[in-house]
Amino acid sequence: MSDKIPNMDYDADEVIESFKAKIKWPKGEAVEAVATPPRVVLKLVLTAVLTVIAAGVLYYAIYPAFNFKTVDIYGFIIAVIAMFVGIFSLLIGARKKIERKEYVKRKSIVPIIIIAVIVLVMLIGYLTGATLFRAKTYSKLMTVENSNFTEDFVDISYDSVPRLDARTAKVLADQQLGQLDEYKSQYVVSDASTQINYKGAPVRVAYLNYADVFRWLSNTKNGLPAYMLIDLVSQKVQVVNCVEKFGEGIKYSPSELFNEKLLRHLRFQYPTAILDVPNFEIDDEGHPYWITPVLDKTIGLFGGTDVKGAIITDALNGESKYHDIETVREDKSLQWIDVVYSESLVLQQYNYHGKLANGFWNSIFFQKDVSVVSDGSGNIALDDDVWVYTGVTSAESDTSNFGFILCNQRTKETRYYKNGGATELSAIKSATDAVQNYGYNAIFPILLDIENQPTYFMSLYGDSYTVKGYALVNLDDKTIVGTGLLDVEKSDAKALNAAVRNYIDALKDKGKVDNNADAEDYTVDENAEGTSVVDDENGEQQSAEVQTVEGEITDIKTSVNDGNTVYYLRVNGKYYYIKVTDCMDVLLMKAGDKVEITFENADGDFVAAKSVTRK
């Protein structure tokens, strides 16, 4: 290299490293002095103010219970501490100056210790309530008494048990709401509904939701105007207009967004209560209420969930009152309440009872006398209360049950029946196989007593989720099946009677009952079909009787409503309409045919028909 070229005597790597050193952000340990930020007291005060505001917004959004037995409150406290540190860091400029970042790190030792203590408390609380250490205590959360099936079920008639489950009831409610112009564009039926006993009949009540946020903006001032009442036996649906009946709408519900949102409204009244999911119920006058179970953690810090009381909230004006669980159980004025213990809670408690009575390790390895509830559950009315029904099987999920339980959803009284046989899912398969040509499905079955034989009863439904018939399946022998179909029998009562006649004939064929067993002991009056619990304007019970008309079809028209083909048959000067999915025979009818039509209400020129039969 020529010595005439100046300044070439240097090392390139040294120059690069020198440049990097000049622009390099120093490491925390390289900072020898940590300067206190200016006006630190003022910034601490400002940080506290901003943290309180942010914590208030967070609390309003998630409204945790101020109760050390809930995980939520610990998470809330940790979030508030983190917000304080974060806001303080921003105010002193920790993102721009390394010495201030180090200042925040050193001052964050106390908040970190507090968070560590909180996490430690949560861990200890969890361990002290773990089933591994407290198996016996968990097994005693529920007391189970043995009971006699024949004695308890003697007064339960198969013609008065629910024929709809939550899903099929919602479909009917949706259809009814869709027929009312003043509601259908503004509201939708909630997915949640509550099965209760109303004036001696099993019904489901469902509240409405706003169709979207814009409908909420338009209607929240007056609240939800109505609720849905679905009779589970007659399958009739009533839209109960609260504004007309009580003078105001439902102002407090899960549909609301701000102070009227139900759980937020309750939280401001009961800041320490651990609230379960509210149940929508009505009293004997049809007045809507929310029944919100108040929970307690009885094992360790977070384990052993149980109900210690209930809050009754007037859905119209938001007035609330708390009652302890013993008052709910014993006070006769509160016996209209049906659901305090949720299905999920009582089934969980029975699983604790069935699995952990002989210890935790037995439930894992030896499984001696271990039992669990089977898949699925249903509801049945008994002693004017609503009971959860489910089968009991082994921990290995056998294809058979060795018993079943009933649990009262108001009192948690639990009865065990040692009647083994087919599981509910096996019974459903037997019923659907018997009508496989129709492609019907079945709702979750309920056990009844027919001729001293524990018998699964279930409704059959088609693609439209409307009831198409009924099936009875023997608990002990699932091959004994009796069915009755509306398409064949032409009426609901006749289909019920056909199912029980076919079932008793099958029992006789298998030698399960004597030949003198009489199906007529169980049949219903086919001329009295169609009674339903309905409220008039004065809140008095009335019955909707089925009427019949006979005549010649003079005209036939069709239309498609909500995807369903509807036939309109003109008979004796009026049009009677029915969906094809409810009566396949209308496809074959023509003008000039003589028919018999059953219906309930003949007001107007168009009448909804229950059935159409060619004479």
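All figures in this text were calculated on a predicted structure; none of them were measured in a lab.

Thresholds applied
- Residues numbered from 1 in each chain as written.
- Predicted model: local features only at pLDDT ≥ 70, side-chain atom pairs only at ≥ 80, totals over all residues.
- Heavy atoms only, no water.
- Helix = DSSP H or I, 4+ residues; strand = E, 2+ residues; numbered from the N terminus.
- Buried < 20%, exposed > 50% of the residue type's maximum accessible area, 1.4 Å probe, protein only.
- Contact = heavy atoms within 4.5 Å.
- Areas by Shrake-Rupley, 256 points an atom, 1.4 Å probe, with all protein chains shown as cover.
- Phe/Tyr/Trp six-rings, centres within 6.5 Å; stacked < 30°, edge-to-face > 60°.
- Arc of directions from axis to C-beta.
- Pairing = 2+ DSSP bridges.
- Axes fitted to C-alpha atoms, helices over the stretch in contact; angles between N-to-C directions.
- Left-handed = near helix turned anticlockwise from the far one by under 90°.
- Parallel < 35°, antiparallel > 145°, perpendicular 65-115°, else oblique.
- Nonpolar A, V, L, I, M, F, W, Y, C, P; charged D, E, K, R; others polar.
- Patch = residues over 30% accessible without salt bridge, like charges linked within 9 Å, V, L, I, M, F, W, Y side chains within 5 Å.
- Salt bridge = Lys/Arg side-chain N within 4 Å of Asp/Glu carboxyl O.
- Core = buried A, V, L, I, M, F, W, Y, C linked by side-chain atoms within 4.5 Å.
- pLDDT = per-residue confidence, 0-100.
- 1 Å grid on protein atoms, 1.4 Å probe; cavity = no way out; pocket = protein on both sides within 12 Å on 5 of 7 lines; lining within 4 Å.
- Points joined across faces, edges and corners; volume = space filled by probe spheres on them.

Student: Looking at this model, I keep getting lost on the overall build of the protein. Mind explaining?
Tutor: Along the backbone of the protein there are 18 helices and 29 strands. By the burial criterion, 49% of the 615 residues in the protein qualify as buried. Taking contacts inside the protein between residues at least 6 apart in sequence as the whole, the part at least 24 apart equals 56%. In the structure as shown, the protein presents an accessible area of about 30,500 Å², 52% of it carried by carbon and sulfur atoms.

Student: Which parts of the structure should I look at to understand the packing of aromatic side chains?
Tutor: What characterises a pair of aromatic rings is the spacing of the ring centres plus the angle enclosed by the ring planes. Under the defined criterion, the tally for this structure stands at 30 aromatic pairs. Each ring, one from Tyr568 and one from Phe606, has its centre 6.0 Å from the other, and the planes form 90°; the classification is edge-to-face. Taken together, the residues Tyr568 in strand β26 (residues 564-571) and Phe606 in strand β29 (residues 606-614) connect sequence positions 38 residues apart. A ring pair is formed by Tyr576 and Phe599, whose centres lie 5.5 Å apart and whose planes are at 50°; its orientation type is tilted. Here Tyr576, found in strand β27 (residues 574-579), pairs with Phe599, found in strand β28 (residues 594-599); they are 23 residues apart in sequence, far enough to count as distant.

Student: I would appreciate a short explanation of helix α6 (residues 131-139) in the present structure.
Tutor: In an α-helix, one turn spans 3.6 residues, which is why side chains three or four residues apart end up on the same side. Among the residues making up α6, those that are buried are Ala135, Tyr138 and Ser139. The buried residues of α6 all sit within an arc of 95° when viewed along its axis, so they share a single face. Here the buried face of α6 lies against β8 (288-299), β9 (303-314), α14 (343-356) and α15 (360-366).

Student: Even after reading the chapter, I still don't get the pairing of strand β20 (residues 453-461), so can you show me in this structure?
Tutor: Remark: a regular strand shows side chains that alternate across the two faces of the sheet. With respect to burial, β20 is a largely interior element, nine of its nine residues being buried. Both faces of β20 are covered, namely the face carrying Gln453, Thr455, Phe457, Ser459 and Tyr461 and the face carrying Pro454, Tyr456, Met458 and Leu460. Relative to β20, strand β18 (residues 441-442) is paired through two bridges, and the arrangement is antiparallel. Residue Ala442 lies in a different strand from β20, and its bridge partner there is Leu460.

Student: What am I meant to see in the packing of helix α2 (residues 40-62) against helix α3 (residues 71-91) here?
Tutor: Between two packed helices, both the angle of their axes relative to each other and the distance between the axes serve to describe the pair. In the contact formed by α2 and α3, the axes pass within 9 Å of each other and the chain directions differ by 140°. Regarding α2 and α3, the two cross each other, and that crossing is right-handed.

Student: I keep staring at the packing of α2 against helix α12 (residues 262-269) and nothing clicks. Help me out?
Tutor: One way to put it is that α2 packs onto α12 with a least axis distance of 9 Å and a crossing angle of 120°. Taken together, the axis directions place α2 and α12 in an arrangement best described as oblique. Residue-level inspection shows Tyr59, Tyr60 and Ala61 of α2 in contact with α12, the latter providing Arg264, Arg267 and Phe268. By residue class, the composition of the contact of α2 with α12 is four nonpolar, no polar and two charged.

Student: For this particular structure, what's the right way to read the sheet that holds strand β5 (residues 237-241)?
Tutor: Sheets are built from strands paired through backbone hydrogen bonds, the pairs being either parallel or antiparallel. Taken in spatial order, the four strands make up an open sheet running β2-β3-β4-β5, and their pairing is antiparallel. With one partner strand each, in any of the chains shown, β2 (187-198) and β5 form the two edges of the open sheet. Averaged over all neighbouring strand pairs, the angle between strand axes comes to 25°, with direction disregarded.

Student: Please explain a nonpolar patch on the surface as it appears in this structure.
Tutor: There is a patch of nonpolar side chains on the surface, built from Leu120, Leu123, Ile124, Tyr126, Leu127, Leu132, Phe133, Trp361, Ile364, Phe365 and Phe366 and spanning about 1,200 Å² of accessible area. The set of elements that each furnish at least two residues to the nonpolar patch consists of α5 (109-128), α6 and α15. By residue number, the principal contributor to the nonpolar patch is α5, which donates five residues. By the element assignment, Phe365 lies in helix α15.

Student: Explain the nonpolar core here, please?
Tutor: Proteins that are soluble and globular tend to have nonpolar side chains buried together. One finds Met228, Leu406 and Met458 to be the most contacted residues of the largest nonpolar core, which totals 90 residues. The element best represented in this core is helix α18 (residues 492-509), accounting for eight residues. In contact with Met228, not counting residues within four places along its chain, are Ala173, Gln176, Leu177, Val189, Arg204, Val205, Ala206, Leu208, Val237, Gln238 and Val239. By size, the runner-up hydrophobic cluster in this structure holds 26 residues, among which are Val328, Tyr341, Leu347 and Val373.

Student: Which parts of the structure should I look at to understand the environment of Asn259?
Tutor: Tracing the sequence through the fold places Asn259 in the loop between α11 (242-246) and α12. For Asn259, a relative accessible area of 41% puts it in the partly exposed group. Separated by 199 residues in the primary sequence, Asn259 and Tyr60 have C-alpha atoms spaced 9.2 Å apart. Filtering out sequence-adjacent residues up to four positions away, Asn259 remains in contact with Tyr60, Tyr252, His265 and Phe268.

Student: Is there a simple way to explain the confidence of the model for the protein in this structure?
Tutor: Low-confidence regions, as indicated by low pLDDT, have predicted coordinates that should not be scrutinised in detail. Here the protein averages 87 in pLDDT, while 90% of its residues score no lower than 70. Low pLDDT (under 50) marks residues 536-544, which in the prediction has 18 contacts with non-local residues, meaning those over four places away or in another chain.

Student: Which parts of the structure should I look at to understand the sheet that holds strand β25 (residues 547-561)?
Tutor: The mixed closed barrel is built from five strands, whose spatial order is β25-β26-β27-β29-β28. With direction set aside, neighbouring strand axes in the sheet form an average angle of 55°. Of the strand pairs in this sheet, β27 and β29 are connected by three bridges, and their pairing is parallel. Bridged to Tyr575 within β29 is Phe606.

Student: Is there a simple way to think about α12 in this case?
Tutor: Turning to α12, its buried residues number three or more, namely Leu262, Arg264, His265, Leu266 and Arg267. Summarising the contacts, the buried residues of α12 are in contact with α2, β6 (274-275), β8, β9 and β10 (320-324).

Student: Any chance you could explain the layout of surface pockets here in plain terms?
Tutor: To find the voids left in a structure, one rolls a probe of water-molecule size over its atoms. In this model, the second largest pocket occupies a volume close to 480 Å³. Considering the residues around the second largest pocket, the lining is formed by 26 residues, among which Ala192, Ser193, Val277, Pro278 and Asn279 are closest to the centre. Among the elements of the structure, β2, β3 (201-210), α12, β7 (279-282), β8 and α14 are those that each provide at least two residues to the lining of the second largest pocket. Looking at the lining of the second largest pocket, the element that brings in the most residues is β2, giving five residues.

Student: What should I look at first to understand the pattern of salt bridges in this one?
Tutor: Close approach of charged atoms allows side chains of opposite charge to pair. Enumeration according to the criterion identifies 19 salt bridges in this entry. Across the pair Asp306 and Lys412 runs a salt bridge whose closest N-O atoms are separated by 3.2 Å. Of this pair, Asp306 sits in strand β9 while Lys412 sits in the loop between β15 (403-408) and β16 (414-417), and the two are 106 residues apart along the sequence. Measuring nitrogen to oxygen at the nearest pair gives 2.8 Å for the salt bridge that ties Glu326 to Arg329.

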